[in-house]
Amino acid sequence: MNSNGDRVLAAGTGDRRRGKTALFLVACGCAGAAPHWLDPSRSLIPSLTLALVLGGYSLSTTLRGSNASAMPANSIPSKDGDGTSSPEASLAADPAVIESLASWPNVDVVVAARDEEAVVARLMERLGALRYPANQLTTWIVDDGSEDKTPDLLDELKPQYPNLNVIRRQRNAGGGKSGALNAALAQSSGEWILVLDADGQISDDQLERLIPIAVMGDWSGVQMRKAVTNADTNLLTRVQAMEMAFDALIQQGRLLGGGVSELRGNGQLLRRDVLDACGGFNEDTVTDDLDLSFRFLLQGARTTLLWNPPVREEAVETISALWKQRQRWAEGGLQRFFDYWPGLLSNRLTVGQRRDLACFFLLQYALPVLSFADLVTSALTRTSPVYWPLSIVAFGVSGVAYWRGCRRCSEGPALPQPDPFSLLLGIAYLSHWFFVIPWVTLRMAVLPKSLVWAKTSHRGTEETVKA
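In this text, all values refer to a predicted model and were calculated from it rather than measured experimentally.

Student: I'd like a description of the confidence of the model for the protein chain, backed by residues and values.
Tutor: Confidence in the prediction for the protein chain averages 87 pLDDT; 85% of positions are at 70 or higher. Here residues 1-12 is modelled with pLDDT under 50, and outside its nearest four sequence neighbours on either side it reaches 23 contacts, counting other chains as well. Confidence over residues 69-93 falls short of pLDDT 50; this stretch has 62 contacts with residues more than four positions distant or in other chains.

Student: Go over a nonpolar patch on the surface, please, and point to the residues and values.
Tutor: Together, Trp-323, Phe-435, Trp-439, Leu-442, Val-446 and Leu-447 make up an exposed nonpolar region whose accessible area comes to about 610 Å². In terms of residue count, helix 16 (residues 433-446) provides more of the nonpolar patch than any other element does, 4 residues in total.

Student: Can you break down the environment of Lys-20 residue by residue, with the values?
Tutor: With respect to the secondary-structure elements, Lys-20 resides in helix 2 (residues 17-33). Counting along the chain gives 319 residues from Lys-20 to Asp-339, while the straight-line C-alpha distance between them is 9.1 Å. For Lys-20, the side chain forms a polar contact with the main-chain oxygen of Phe-338, separated by 2.9 Å.

Student: How would you summarise the packing of aromatic side chains if you had to cite specific residues and measurements?
Tutor: As enumerated under the stated definition, the model contains 11 aromatic pairs in all. Judged by centre distance (5.8 Å) and plane angle (65°), the ring pair of Phe-337 and Tyr-365 falls under edge-to-face. Highlighted residues: Phe-337 in helix 12 (residues 319-344) and Tyr-365 in helix 13 (residues 351-381), separated in sequence by 28 residues. Residues Phe-337 and Tyr-365 agree in their burial class; the two are buried. Members of the aromatic cluster, joined through ring pairs, are Phe-24, Phe-294, Phe-337, Phe-338, Tyr-340, Phe-360, Phe-361 and Tyr-365. Arg-302 extends its terminal NZ or CZ atom over the ring of Trp-219, reaching a point 4.0 Å from the ring centre. Arg-336 extends its terminal NZ or CZ atom over the ring of Phe-294, reaching a point 4.7 Å from the ring centre.

Student: Describe the packing of helix 14 (residues 388-406) against helix 15 (residues 420-430), with residues and values.
Tutor: Their axes nearest at 9 Å, the elements helix 14 and helix 15 cross at an angle of 130°. Between helix 14 and helix 15, the angle is such that the two are oblique. Crossing of helix 14 against helix 15: the hand is right-handed. In contact with Phe-395, Ser-398, Gly-399, Tyr-402 and Trp-403 of helix 14, helix 15 contributes Leu-423, Gly-426, Ile-427, Tyr-429 and Leu-430. The class makeup of the residues in the contact of helix 14 with helix 15 is 7 nonpolar, 3 polar and no charged.

Student: Account for the pattern of salt bridges, with residues named and values stated.
Tutor: Within the structure shown, the criterion is met by 25 salt bridges. Of the charged contacts, one joins Arg-168 and Asp-155 as a salt bridge, the two residues approaching to 2.5 Å between their closest N and O atoms. Highlighted residues: Arg-168 in strand 3 (residues 164-169) and Asp-155 in helix 6 (residues 150-157), separated in sequence by 13 residues. The class of Arg-168 is partly exposed, set by a relative accessible area of 41%. Its relative accessible area of 45% is what places Asp-155 among the partly exposed residues. Put simply, Asp-247, Arg-254, Glu-262, Arg-264, Arg-336 and Asp-356 are held in one network by salt bridges that share partners.

Student: Tell me about the side chain of Ser-43, and please be specific about residues and values.
Tutor: The residue Ser-43 is located in the loop between helix 2 and helix 3 (45-66) in this model. Looking at Ser-43, its side chain comes within polar contact range of the main-chain oxygen of Pro-40, at 3.1 Å. Setting aside residues up to four positions removed in sequence, Ser-43 forms contacts with Pro-35, Leu-38 and Val-386.

Student: Describe the pairing of strand 1 (residues 107-113), listing the residues and the values that go with them.
Tutor: Where burial is concerned, most of strand 1 is hidden: 7 out of the 7 residues are buried. Both faces of strand 1 are covered, namely the face carrying Val-107, Val-109, Val-111 and Ala-113 and the face carrying Asp-108, Val-110 and Ala-112. Tracing the backbone out of strand 1, into helix 5 (residues 120-128) and back to the parallel element strand 2 (residues 137-144) gives a crossover that is right-handed. Where strand 1 meets strand 4 (residues 192-196), 5 bridges bridge the pair, whose relative direction is parallel. The partner of Asp-108 across the bridge, within strand 4, is Ile-193.

Here is what the cut-offs are and how they apply
Residues numbered from 1 in each chain as written. Predicted model: local features only at pLDDT ≥ 70, side-chain atom pairs only at ≥ 80, totals over all residues. Heavy atoms only, no water. pLDDT = per-residue confidence, 0-100. Contact = heavy atoms within 4.5 Å. Patch = residues over 30% accessible without salt bridge, like charges linked within 9 Å, V, L, I, M, F, W, Y side chains within 5 Å. Areas by Shrake-Rupley, 256 points an atom, 1.4 Å probe, with all protein chains shown as cover. Salt bridge = Lys/Arg side-chain N within 4 Å of Asp/Glu carboxyl O. Helix = DSSP H or I, 4+ residues; strand = E, 2+ residues; numbered from the N terminus. Polar contact = N/O pair within 3.5 Å; in protein donor to acceptor, adjacent residues only side chain to side chain. Phe/Tyr/Trp six-rings, centres within 6.5 Å; stacked < 30°, edge-to-face > 60°. Buried < 20%, exposed > 50% of the residue type's maximum accessible area, 1.4 Å probe, protein only. Lys NZ or Arg CZ within 6 Å of the ring centre and 35° of its normal. Axes fitted to C-alpha atoms, helices over the stretch in contact; angles between N-to-C directions. Parallel < 35°, antiparallel > 145°, perpendicular 65-115°, else oblique. Left-handed = near helix turned anticlockwise from the far one by under 90°. Nonpolar A, V, L, I, M, F, W, Y, C, P; charged D, E, K, R; others polar. Right-handed = clockwise from strand over helix to strand, strands pointing away. Pairing = 2+ DSSP bridges.

Quick look at the structure:
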């Protein structure tokens, strides 16, 4: 761990976000427009160069991630911190691994709930079925100003579950979801914190498998793959199920290549001492998980992602809900880079981690803004777009990641088959980021931010959970 002075830097603030966003917007705009004034024979050179560099990074990451499950089934992740180990194993399946634990640590399950009447009873049913020492497992549900039947349901559930603790917060208490999580953090004392969304579903042996992986692997954060329970509802939920497999595969590939694996909120297991060293959850961000990923990274804490077992959750079912959700994800993703960039460029991180973050940032955030500026300039100057080679490479590698991710052996809900139609649909679906990112960037550069908890609505989609 770092010193107390380092903790202050790791905590991060939202200072001058509008100015930083405006600078990023101008830089991407200039980079997108500049090639149009080059000689036509040279105008594609910037795009081809980026396509070669970023395409190579993306493809190698995809291929590494798809092979992550090839690790020995009872191997222990290395502790040398080089980021090349894989915890892809059911360590709890080996009795010797369980016996090697001196004792099962105390675990606090923390859920921030607002207007969750459709899922809160099912949540407690799942948590009540967990196989874990009863005196070392505590559930904390923060009722964050619910205006539906959530408070009444929690009152009814409390006598049935002795380890359930309910914390009431006013709806305008502040801090968004992070504020709700911090309220539970202040009253709990477990060595490990398992953060779940109210719609999260886990199997009864989940903790028995997760804890040995985290403890024996010396991980500070373990993120479970997110599996969609309502993939069959419509085409939108289907491609989101594919997207979650795509994302998990990429995250594992980044870690195996010496890069960074990130937290995803629902289904994250965190070491309390590291979380405390980071100052808890940042209440000045719209995405607590993405922000915490960077603060763990700057603390030197090791984070990984597990393919199996997954955490089950609902995908949004309408375009309007997706647009609202992705704006929040895009804003939080950009915020963390702007907030922590001095540390991300420092020797706190390895060369591999800095390279990984740079490539990820360029693909996820810079490419959509570059492409938008390219198209606008093309229309104004009546010239041909110049960044199409980079976009084609990015979408092509994404198709490979979809295909490999959906073909992996997976617990939980069945993944959609990566047939040609599904792959084309998934690739087309990813284009929504080319609208979301530029719009959010422009909005962040112009408008002041008022932090609100823009939660995703859940309707209680059922999925049979097998041990």
